[in-house]
Amino acid sequence: MLTVIDEYSRECLAIVTERSLKSDDVLDCLTEMFIRYGAPEYIRSDNGSEFTAKVVRRWLSHIGVQTLYIEPGSPWENGYNESFNGKFRDELLNGEIFYPLKEAQVLIEKWRLEYNTLRPHSSLNYRPPAPEAYLQNKNWQNSNSKYGTCSGGRSILF
């Protein structure tokens, strides 16, 4: 699974659920995220082969997105994402057995939407990162803009 978190808002932008992930899957996800939300200033990720592939690094460099790879064995350098993955595991993955891949994709997307719109976050003063009213406004903005919106200094985490 590939989890994409906005470092500022803590919103989970995507969870790509596949049996295995390749650099093309990362590029597809990033392309969709950049069109929807705009390109971030930088991306922080681990050193997995799907992130360090030459095609991914070249594409990110070409569009002006900086990469921040965490040191191997240093999960604290990507604390927001590690925290998210722990909650994801505790609240969903440990309690489910997924048989077909489609079942996993549907249940994971449902959990992601609840995480963003309903679940309180202590770091956000016990508010969800993207409450329903915010999402409706954001969807309206994105439908009226060819590329969506992007705030300066934004970063996403993997």
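Asker: How should helix 1 (residues 23-37) be read in this particular structure?
Answerer: What sets the pattern is the α-helix's 3.6 residues per turn: residues three or four places apart point alike. For helix 1, which comprises 15 residues, the first-to-last C-alpha distance of 21 Å matches the rise-based estimate of 21 Å (1.5 Å per residue) to within 8%. Residues of helix 1 that are buried include every one of Ser23, Val26, Leu27, Cys29, Leu30, Met33, Phe34 and Tyr37, and no others. Down the axis of helix 1, the buried side of the element spans an arc of 165°, and every buried residue falls inside it. Turned more than 90 degrees off the buried face of helix 1, the exposed positions are Asp24 and Asp28.

Asker: Help me understand the pattern of salt bridges, please; the structure alone is not making it clear to me.
Answerer: Side chains that differ in sign of charge can pair as their charged atoms come close. Evaluated as defined, the whole model comprises 5 salt bridges. Where Glu7 meets Arg44, a salt bridge forms, and the shortest distance between an N and an O atom there is 2.9 Å. Taken together, the positions of Glu7 in the loop between strand 1 (2-6) and strand 2 (12-16) and Arg44 in strand 3 (residues 42-45) put the pair 37 residues apart, joining distant regions of the chain. As far as burial versus exposure is concerned, Glu7 and Arg44 are alike and both buried. Close ionic contact of Glu114 with Lys110 constitutes a salt bridge, the shortest N to O distance being 3.8 Å. You can see Glu114 and its partner Lys110 sitting in helix 5 (residues 101-117), 4 residues apart, about one turn around the helix. Residue class for Glu114 comes out partly exposed when judged on its relative accessible area of 35%.

Thresholds, definitions, all that
- Residues numbered from 1 in each chain as written.
- Predicted model: local features only at pLDDT ≥ 70, side-chain atom pairs only at ≥ 80, totals over all residues.
- Heavy atoms only, no water.
- Helix = DSSP H or I, 4+ residues; strand = E, 2+ residues; numbered from the N terminus.
- Expected span 1.5 Å × (residues − 1).
- Buried < 20%, exposed > 50% of the residue type's maximum accessible area, 1.4 Å probe, protein only.
- Arc of directions from axis to C-beta.
- Salt bridge = Lys/Arg side-chain N within 4 Å of Asp/Glu carboxyl O.

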